[in-house]
Amino acid sequence: MFDALILGGGAAGLACAIQAAKRGLSVCVLERNEVFGKKIRATGNGRCNVSHIDMQPFHYHGAGHDFVNPALQACSETVLADFFATLGMPLTALEDGRVFPHSLQAKTVVHALTKGAQEAGAELVSNAYCKHVEKETGGFTATLFDNRTVRAKKCVLATGGASMKKSGSDGNGYALAERFSHTVKDTFPGIVALHLQGRIHKELDGVKIPSKLTLTIDGQKIREDRGDILFTSYGLSGPPVLQQSRHVLWALKNGRTPALSLCLLREDWMHTEKLYAFFKAHKSTAGDALRLLLHDRIPGPFLRDIGLKENVPLASLQHRDLQKLIAALRSWTFLPNGSRPLEHAQVTCGGVDTDEIHAETMESKRVPGLYCIGELLDVDGDCGGYNLHWAFASGILCAKAL
Ligand SMILES: Cc1cc2nc3c(=O)[nH]c(=O)nc-3n(C[C@H](O)[C@H](O)[C@H](O)COP(=O)(O)OP(=O)(O)OC[C@H]3O[C@@H](n4cnc5c(N)ncnc54)[C@H](O)[C@@H]3O)c2cc1C
């Protein structure tokens, strides 16, 4: 019988295994895939954005800040850097604060974690797909789909969320938790491209612009993000859109009205006087003038959307039309009505209800000796390294309590 059995050999499971084995515990990790850390390999466009220098609870959603705080306190970005340093893998922070392995290769992270777990003495078993786990006197028994069984005094569920099914995390872990009478909060995609009402995005498919994106819900400003915005055949993508997506989808699920406003102007072109002067100087049509100011595919759909004709001479525009034009350049509004499916999302929002988990240990309040870590829990972080950090931090915190 092992001291600890960890189900799932991803970011959370491997970090937990390393720390628990280093404490001298006998640890077994079961991973359904042939290889460990399959999802990690796909992260950060193959570069694996492991953390962020601005590691604060407000970057996390789903669970309350009180729940994520103990793990973030126990495993700050510096502690995580030390953890990887002990595995021989240095981290580096980019100018925007995102933290990566110095190699900028996700496979380095997988290599460091698996080698670290093996060297610490953990037993890593691949092709080991757990069907169910039972609590018995003195511990837990996991039964695999090929009917092998593994026994341990304590059991950690680290089976991940439900995005990117081919990575092995397909949501089956929720059923494992439910068998222990845990509540699973409704899941929905996070860090995902959004669908929009109307057809304008279809006309602009492929256009990419650096912009400021403002999210409002029922007219109230929620957040503002800057970066490249990409129009696609289904809607909008790009870092600011991914960042705001979980708030948009939460609002839609709860019958609220989210709106996304795109600023088409650079900072130095926001002044009203400067814009009036620009339009006054052009004797041409609105379309011709805007083609000198914006990406050339935008003016047609943009002017139609705000109710102006592309070929209207600027000189004939009423003052209120010019005001409307300038206001829309600063804030062109789109109504999202959904997202790409969970399969295309970077994280799963929702999951095991954190009210049923001790925040200081990750132990179940329902079943002593059972623990839940990583994305399986109802915790999702902002884009920028927060989800991997949560997986590592919750795994490391849990290992101390096993
Ligand atoms: C395309 C993409 C890019 C991303 N980029 C980033 C990024 O750059 N930075 C960031 O912070 N986050 C990123 N994320 C999110 C991040 O990868 C996850 O939040 C993180 O991997 C979750 O770790 P985890 O250990 O909880 O789950 P996972 O890493 O998903 O690991 C769970 C493991 O459990 C195994 N498993 C599942 N069920 C069973 C079972 N019944 N028996 C045995 N094994 C089982 C799975 O095969 C899997 O290996 C990205 C996600 C995607 C999809």
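For the structure, see preceding data.
What counts and how
Residues numbered from 1 in each chain as written. Predicted model: local features only at pLDDT ≥ 70, side-chain atom pairs only at ≥ 80, totals over all residues. Axes fitted to C-alpha atoms, helices over the stretch in contact; angles between N-to-C directions. Helix = DSSP H or I, 4+ residues; strand = E, 2+ residues; numbered from the N terminus. Parallel < 35°, antiparallel > 145°, perpendicular 65-115°, else oblique. Contact = placed C-beta atoms within 7 Å. Nonpolar A, V, L, I, M, F, W, Y, C, P; charged D, E, K, R; others polar. Near = placed C-beta within 6 Å. Core = buried A, V, L, I, M, F, W, Y, C linked by C-beta atoms within 7 Å. Buried ≥ 20, exposed ≤ 12 C-beta atoms within 10 Å, placed from the backbone. Pairing = 2+ DSSP bridges. Left-handed = near helix turned anticlockwise from the far one by under 90°. Arc of directions from axis to C-beta.

Enquirer: Which residues make up the packing of helix H3 (residues 65-74) against helix H13 (residues 386-401), and what values do they have?
Expert: The geometry of H3 relative to H13 is characterised by a closest axis approach of 8 Å and an angle of 80 degrees between their N-to-C directions. Taken as axis vectors, H3 and H13 run roughly perpendicular relative to one another. When H3 is examined against H13, the residues Pro70, Ala71, Leu72 and Ala74 are found in contact with a partner set consisting of Ala393, Ser394, Ile396 and Leu397. Its residues placed into classes, the contact of H3 with H13 shows seven nonpolar, one polar and no charged.

Enquirer: Tell me about the site of the ligand, residues and numbers included.
Expert: Neighbouring the ligand are 41 residues; Gly8, Gly10, Gly160, Gly168 and Gly374 lie closest to it. The set of elements that each furnish at least two residues to the shell around the ligand consists of helix H1 (11-22), helix H2 (38-42), helix H6 (172-178) and H13. Residues of the shell around the ligand, tallied by class, amount to 16 nonpolar, 20 polar and five charged.

Enquirer: Explain unusual backbone geometry to me, using residue names and the numbers behind them.
Expert: Positioned with a positive phi, Asn147 is a non-glycine residue whose angle comes to about 75 degrees. Among the structural elements, Asn147 can be located in the loop between strand S9 (139-144) and strand S10 (149-157).

Enquirer: How would you explain the nonpolar core if you had to name every residue and give the values?
Expert: The nonpolar side chains of a soluble globular protein tend to be buried with one another. Of all hydrophobic cores here, the largest spans 80 residues; its most connected members are Leu5, Cys16, Ala17, Val27 and Val156. No other element matches the 10 residues that H13 contributes to this core. Non-local contacts of Leu5, meaning those with residues more than four positions away in its chain, are made with Cys28, Phe140, Ala142, Val150, Ala152 and Cys155. Ranked by size, the runner-up nonpolar core spans 34 residues in total, among them Phe188, Leu262, Leu290 and Leu314.

Enquirer: Can you break down the pairing of strand S8 (residues 130-136) residue by residue, with the values?
Expert: On a regular strand, each side chain points to the face opposite its neighbour's, so the side chains alternate between the two faces of the sheet. The pairing of S8 with S9 spans six bridges and is antiparallel. Paired with His132 across the two strands is Thr143, which belongs to S9. Connecting S8 to the antiparallel partner S9 that follows it, the hairpin turn spans two residues, and Gly138 within it adopts a positive phi of roughly 85 degrees.

Enquirer: An account of the packing of H1 against H13 is needed here, citing residue identities and associated values.
Expert: Look at H1 against H13: their axes get within 7 Å of each other, and the N-to-C directions meet at 30 degrees. By the angle between their directions, the pair H1 and H13 is classed as roughly parallel. The handedness of the crossing between H1 and H13 comes out as right-handed. Between H1, through Ala11, Ala12, Gly13, Ala15, Cys16, Gln19 and Ala20, and H13, the contact on the second element is made entirely by Leu388, Ala391, Phe392, Ser394, Gly395, Ile396, Cys398, Ala399 and Lys400. Taken together, the residues of the contact of H1 with H13 break down into 11 nonpolar, four polar and one charged.

Enquirer: Which residues make up the sheet that holds strand S17 (residues 332-334), and what are the values?
Expert: Backbone hydrogen bonds hold the strands of a sheet together, and the pairing may be parallel or antiparallel. Ordered in space as S17-S16-S13-S14-S15-S12-S18, the seven strands form an open sheet in which the pairing is antiparallel. Across the chains shown, the open sheet's two edge strands, defined by having one partner strand only, are S17 and strand S18 (336-339). Neighbour-to-neighbour, the strand axes of this sheet turn through a mean angle of 40 degrees, independent of strand direction. Relative to S17, strand S16 (residues 258-263) runs antiparallel, the two sharing three bridges. By the bridge assignment for S17, Ser261 is matched with Thr333.

Enquirer: So what's going on with the environment of Val352? Which residues, and what values?
Expert: Residue placement: Val352 occurs in strand S19 (residues 347-352). A C-alpha to C-alpha distance of 23 Å links Val352 and Ala128, two positions 224 residues apart in sequence. Sequence-distant contacts of Val352, that is, excluding residues within four places in its chain, are made with Ala177, His182, Val184, Ile357, Cys372, Leu376, Leu377 and Asp378.

Enquirer: Please give an account of helix H4 (residues 77-86) that cites residues and values.
Expert: Burial in H4 covers these residues: Glu77, Leu80, Phe83 and Phe84. In a view along the axis of H4, the buried residues occupy a sector of 115 degrees, so they form one face of it. Of the exposed residues in H4, the ones pointing more than 90 degrees away from its buried face are Thr78, Asp82, Ala85 and Thr86. Contacts from the buried residues of H4 go to strand S3 (51-52), strand S5 (91-93), strand S6 (98-101), helix H5 (106-120) and H13.

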